Structure formats: C-alpha cells, structure tokens
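What follows is each chain in one-letter form.
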Amino acid sequence: MEDHQIIHTDQTTDNNAWALLRHRFVLLPLAVGAVVAVWNVYVATHDDGIVRGRVVSANGQPVADAIVKLNEQNFTTNSERGQTTTRADGSFEFTDNRSHSIQLRAEKLGVGRSELMPFRLYFRAQNLTLGQPLLLQPARP
Amino acid sequence: MQASAIKHKRQPVNRYPHWPIHLALLTISFCMLLPFYWVLKTSLTGENIFSYPPSLLPVNPQPFYYVDVWYFIPFARFLANSVIVSGLSIAANVLFNAMAAYALTKHFKGRGLIITLLLSCMMIPFQTTIVPAYLITGKLGLLNTYLGMALPTFSTIVCIFVYKASFEAVPKSLIDAARIDGLSELQIILKIMVPLSTSAVATNVILSFIWSWNNFLWPLIIVRDPLMQPLPLGLSRFLNDHENTTGALYAFCIMVLVPGITIFLMAQKEFVRGLTSGATKG
Amino acid sequence: MATDVLTSVAQNPSRNPPGKSGGAGMSRKRKRELILVWAFLLPSLAVFFLYRVLPLLWNAVLSFQDFSLFGETKWAGISHYQDMMEDEVFWTSLWNTLIYMASAPVGIVLALAISLMVNSNVRGKNIYRTIVFLSYPLMTVAVGIIWRWMLDEKVGLFNFILRSLHIIDHPLPFLQSFELALPSVLLANVWQILGFYMIILLAGLQNIPQNLYEAAAIDGANGRQQFFRITLPLLRPSIFLAFVIGIMTSFTSFDLVYVMTQGGPGNSSELLVTYIYKAAFVLGKIDYAAALTLVQFVLLVVLTWVGNRLSGGDAGAVETD
C-alpha cells in the first residue's frame, strides 16, 4: 500500500514515472513480457522444421539410398509423418517437420535398420541437426 | 513482504531457548513444502512414474513435459479463459460491491430490510444452489460462456460489508465539502470514497480473484465445450483422460500453480489482510 | 491522500451550481437520491436474487416434482424424500461429511501451535508464516493432484517413506481402500487449510494486549498459566470463528474429493456435495438432487445456528450498523 501512496503524493512527474516503473506489479509483467518477446523472436527464426542427419552402417560407412522415416509422437498415438532417402554421403534432410516430439528410423534392404530414435524439441518445428548418425544394424536372423 | 498485516507489538520476554521452536517450525515447513518439491521433481524427470524406488533428487531434469503440455493441451487457451473469467468477476465485483455499499451508507426506507436480506443470503452457500443455478443459467442461454461462468460471482456480500465499513469511516465533512463543490454522487465515490478505501478495494480484488480463479464446481457443471474450459477444469479433465501415466500431468499442475503462487508472493500482505477481514466480517 | 482529494475538489469550482440546497429542491433532491440508491443496489441484488434466492426457492419446488428437461413436469409429493430415507448412499455421504468436518478441530489445534510459535520473536518468523500459508490460496484441483501423487500406491512418496522405515511391508493403497480413502482426503484438506486457520488465530493473538502478560509475569505466572489464563480465553472468539468457517467449508467441500477419489472406492469417500453433483449431472436425477440439496441446506442452517449459539453470537457476526 505504501508504494501506492508514494505514487499519489509525489509531486514531480519524473519521480512518479520511476516509482511506477519500479513497482513490482509493473516490473514483473514487464520482465515476463521481455522474456516472452525474446523467446518468440528466437522461436520465429529457428522453426523452419528442418531435421538433418546422417545414416551409417555398422562399420561406420555412410549409407546411400537408405529410407529414413519420421514419426510424430503424441501422448497416446505415434504416426508416420514423412520419409526421405539418404544421399550419396549418407546425409538426409526433412524440411517439413511440424512437431516437437519426433522419432526417426533409418532402414535399407540388405544392410539393416536402425533403432527408433526419439527426439524431443523445445518448440514446434525446431531445426534439428543430429549429433550422432543413425546406425544401421544388420537384421537379426 | 510480511506475512502479517498487523503491526507487531512488544513481545513477552522469552526465557526459553529458541532452537526447539526452530526445529518444530522447520519440520512443519518441510512438511508443507515437500509435496510441491515432489511434484516439481516428477514434472522435470517423470522417472518414478513407472519405477520403484523413486530417487529423491531429480535425475536428468528436462523441460519436455512442459513443452508437451503447451502443445498437446491448449494451455494458452485455458489460461486466457481463466484470465477472462477472473477479470470479469473482479471488475464486476469491485464496481457492484462499491455501488451497493455506498447505497447502504445512505438512509432510506427499506435499508434495514436489505441488510437483513443480505445477511441471510450469506447463509446460502453456492454449493447448495447448483441444481437450479444450472437450470437458470441454461434458461439465460449462458451455458458454455464466459459470462455464465462469471455471473454468479459478480457480487459478494462479504465484500459489500467490507466496503460499507470502510466508507462509513470516511469523514462526513469531506463528503459534504465535495457535495457543496458540486461533485456528483458518482464522482464522490470515484474521487473520495474509493481512493480513501484502497485496502477495502484490495481485499475485494484478492477475495474475488481467489474465488473465481480457483472456482471448479461451477465451470464443471456449465462448461461442456473443451475450448471454453478454465484452468482447473482443463486440469481435471486431463487427469480423467490420462490418469498418472505421464509426467505432463505434473508439469500441467505446476504451470497452473505458478501464476497463483506468483501473485500471492507479490501481494502477500494484502492476501493475509484480505482473507482475515473477509473471514471476520463474514 | 486526503489532501489530494481536497485539491481536486478545489480545482472544480465551476461545477458548483448555485442554490442547490434550496428548500423547494429538497424533495426533488431526496427523490433523486432514492433513485440513485436503488439503482446502485440493483446489480448486486439482481445477482443475489438470480443465484441465491431464486435457486433456493426453485430448489424447494423441484424437490417435490418429477422433473424432466424435455417432457412434462409433474408433482411427486414427498416421494423423493421417502427415497432418500432408504438411500444408503445418502446416509453414507452424510456420515462421511460429518467425519470430514474433523479437519476443522484437527487443523485448528495444529494451527494454534504454529501460530503461537510464529507469534514469538524467533528469527525468520515471516518466512515460516509464508510457507505455512502458501498452500491455502492455491487451486484445490491442483492440490488434489499433488496429493494423489504423494499417496500413490505403487510409487507414492508416502509409501516409499513408510516402507523405507519398515513401518509397513506392503504398499498401502491409500486412495483405493475403503478405510483409508476418506482420511487421506482429510489429510490433504488439513494441509491446505492450515495456513488459513493460522492467520485467523494470529490476528487474534496479536489483538491480545501485551501488558496482560507483563502484569501476569510480575505476579509470577509461568508460561503455562499465562497460556491457559490469558491466551486461550482471549483467543476464544478467534478459535470459534475459525471453527465455524472450517465446519462450513467442510460441509460444502467438493473439489478435493472429486479430484482425489471421485467419491470412491464404492461410495466410501462420498460427500454430500459430490453426491448431489453425481445425482444431478451424472445420473440426471435433477429433482432428487434438489431434495438432497434442501436437506443439506436445512442441516447447514441448523449447524450455523448451533455454532452461533455456542459462541454467544460473536462468530461470523457482522455489525449491522
């Protein structure tokens, strides 16, 4: 309450503005707003939905023409959202990921398939470059 | 930022050592805070939902359950619903209660009757009116609307009496002077009564905030549309859908609690004073 | 702030219409004031009529009818009340509600101890007060979820602690057992409402004049005597106030039980309000729910009356003038 009274009785407008600005009910929303704004700018510049990575075989060689599938994971459902094939150097790229919780799996007939790798993103369609390549394991007999 | 609004008087000389008191209070504080910690830990790890024994400290904390809540549940929408309903309720409360209380400071025929009526209305808790209140709201066509959710909380009797006591403490000479100067009744309220009753206004704002923000039973009855749900209802429906199969439930829980806790910590003194005067007057 | 007002009044001399307080104008002015009074009262009265008085009356009417949303509504006499007498769930929920009220005395005894401690001059007492009070203004639905999780059978913290200390061999299904469900909800309720009792009692404690203690100390009264001769008698109104409010809120409690147990297992933790809710909005027996509500209301009035009589009329009383 005392803070309010300071605001009312202070005669100089300059002091008034400062007192109002330093008031916790003004300061906190402003701070929250600033954080949200910065975060949104960051999100807007990093949400192109690009997922990049590489596929290698068990002996570490890049695998060309492997099929990579992208699944979207919900609380209860898991559905396929797209697939692509790797280039000659084993790299692949999705450009249309719209989810924040995805799973990737690579597969090539004759070479094997990788495990279903889950990736959690901080926001929807965040650009992602895989640190570890997807490793194709020979299919078990 | 004191927990008590009441000024501290001299304390009796304490001849006992303080450590047993500290020990007892620390134990109590620990018990009061433990549930918060436990839910926060689960929301950040989710590790012990399916595993036993649980680890006491968070292992590999990650914020992804919060991301899930943000996208899979329309959390922003629920938050907006809650803010709109509470905002409506608080605005109407402050306005209507101040008006009614100002009217009650006047002398007019039927004043005693109105006060008796209000006092007996106070005996009717909202929970004992839900069935017809639902039918009435349906007849008004307000099911599934913000107005329907907020309308029953538009005026509170306790707050009318808080205002009334505060208005009656305003010196009569001040009002007479203002009237001689030609201020209208509305101007008298806005320029004299309300500025001199800031603590009553604060009490009213806080009480109506707590009541409308935490209100659960009423939205549960009248809101069927998933997009119109305020936070408590959204949380409870989420619980019904998923039980405790995901850490997102606890992330949701924390996200729902954070605005309330923040406001409480910022206006703690006013909260305590508001609830005390709300209770003693009611 | 008063100076502020005066300056603002002084700044508006032009608004002063001459001769306003003339004798002939008095009745017209009086009339205008009356219109204003009623116009100011109207919004609040409308809300109270719509959501307090009218529901109460309609409730009474409904409880004697066979209500149907679409078909014809017929009179049913007292058949709903006869059904109620034979309805075991009703009696269970009434009994459970009475047990649930125990959270008031339990909470008040605890809160009394806490408020005595935080009213002393220990360091950090404000922090302790904040921590104890923190849980009260929180959303009850969230509190219910927190406690569901604490009391979980397989991985809850309570079972973990009890098993680690070898107090129990097998995990207790707190919320799924017939005996433990209601006490578990009661525990959560005490945890939440403790801070509220504390601030009520603290306000009472701080209203006790300190010179009474000083005088007693001079007369050689020890701490225990001071507590029983001064603190407790002078705190009686506050304790009663907390007690009456606690009883009332327990009697109309809904959120915690709904979230934590849904009244189950079976009907072992059903309260009156949860049963009314279920009857009206799950089973669709609007008329029967109205009868239940009316009985609850009558019981509530009796409780309030008894409470006021016992406290000598000073609990929950508002000075009317």
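Conventions and cut-offs
Residues numbered from 1 in each chain as written. Chains lettered and ligands numbered in written order. Predicted model: local features only at pLDDT ≥ 70, side-chain atom pairs only at ≥ 80, totals over all residues. Helix = DSSP H or I, 4+ residues; strand = E, 2+ residues; numbered from the N terminus. Buried ≥ 20, exposed ≤ 12 C-beta atoms within 10 Å, placed from the backbone. Contact = placed C-beta atoms within 7 Å. Core = buried A, V, L, I, M, F, W, Y, C linked by C-beta atoms within 7 Å. Nonpolar A, V, L, I, M, F, W, Y, C, P; charged D, E, K, R; others polar. pLDDT = per-residue confidence, 0-100.

Novice: Help me understand the overall build of chain C, please; the structure alone is not making it clear to me.
Specialist: Across its full length, chain C holds 14 helices and two strands. Buried positions account for 41% of the 321 residues belonging to chain C. Within chain C, contacts between residues at least 6 apart in sequence are counted, and of these 69% link residues at least 24 apart.

Novice: What's the story with the nonpolar core in this structure? I'm lost.
Specialist: Nonpolar side chains in soluble globular proteins tend to end up buried together. The biggest cluster of nonpolar side chains holds 165 residues, and the ones touching the most others in it are F252(B), C253(B), A142(C), Y197(C), M198(C) and L201(C). Residue contributions to this core peak at 16 residues, all from helix α9 (residues 181-206) of chain C. Counting 13 residues, the second-largest nonpolar core is a separate cluster that includes F92(A), F94(A), I102(A) and L134(A).

Novice: Hey, could you run me through the interface of chain A and chain B in this one?
Specialist: Accessible area lost upon the coming together of the parts is a frequently used measure of interface size. The interface of chain A with chain B comprises 13 residues on the first partner and eleven residues on the second. Per-element tally for the side of chain A that touches chain B: the top contributor is helix α3 (residues 24-45) of chain A, with three residues. Along the lines of polarity and charge, the residues of the side of chain A that touches chain B split into six nonpolar, four polar and three charged.

Novice: Sorry if this is basic, but what is going on with the confidence of the model for chain C here?
Specialist: If pLDDT is low for a region, its predicted coordinates should not be looked at in detail. Residue and element names in this part refer to chain C. Within chain C, residue pLDDT values average 83, and 88% of them lie at 70 or more. Taken together, the stretch residues 1-23 has pLDDT below 50 and engages in 23 contacts with residues farther than four places along the chain or on a different chain. Every residue in residues 315-321 scores below 50 in pLDDT, and together they form 14 contacts with partners more than four places removed in sequence or on other chains. Reported confidence for the predicted complex is 0.86 by ipTM and 0.84 by pTM.

Novice: Help me understand helix α7 (residues 140-150) of chain C in this model?
Specialist: Every α-helix carries 3.6 residues per turn, so stepping three or four residues along brings you back to the same face. Burial analysis of α7(C) places eleven of its eleven residues in the buried class, which makes it a mostly covered element. Buried within α7(C) are the following residues: T140(C), V141(C), A142(C), V143(C), G144(C), I145(C), I146(C), W147(C), R148(C), W149(C) and M150(C).

Novice: Would you take a moment to explain the environment of Y288(C) for this structure?
Specialist: Residues and elements named next belong to chain C. With respect to the helices and strands, the residue Y288 is situated in helix α14 (residues 286-310). Sequence separation between Y288 and F67 is 221 residues; the distance between their C-alpha atoms is 8.9 Å. The residues contacting Y288, other than those within four sequence positions of it, are H80, D83 and A279.

Novice: Sorry, what's going on with the environment of T105(B) here?
Specialist: Locating T105(B) in the fold gives a position in helix α3 (residues 75-105). Between the C-alpha atom of T105(B) and that of L190(B), which follows or precedes it by 85 residues, the distance is 15 Å.

Novice: Is there a simple way to explain the interface of chain C and chain B in this structure?
Specialist: Contacts between the two partners involve 91 residues from chain C and, on the opposite side, 91 residues from chain B. The leading source of residues in the side of chain C that touches chain B is helix α2 (residues 25-62) of chain C, at 20 residues.

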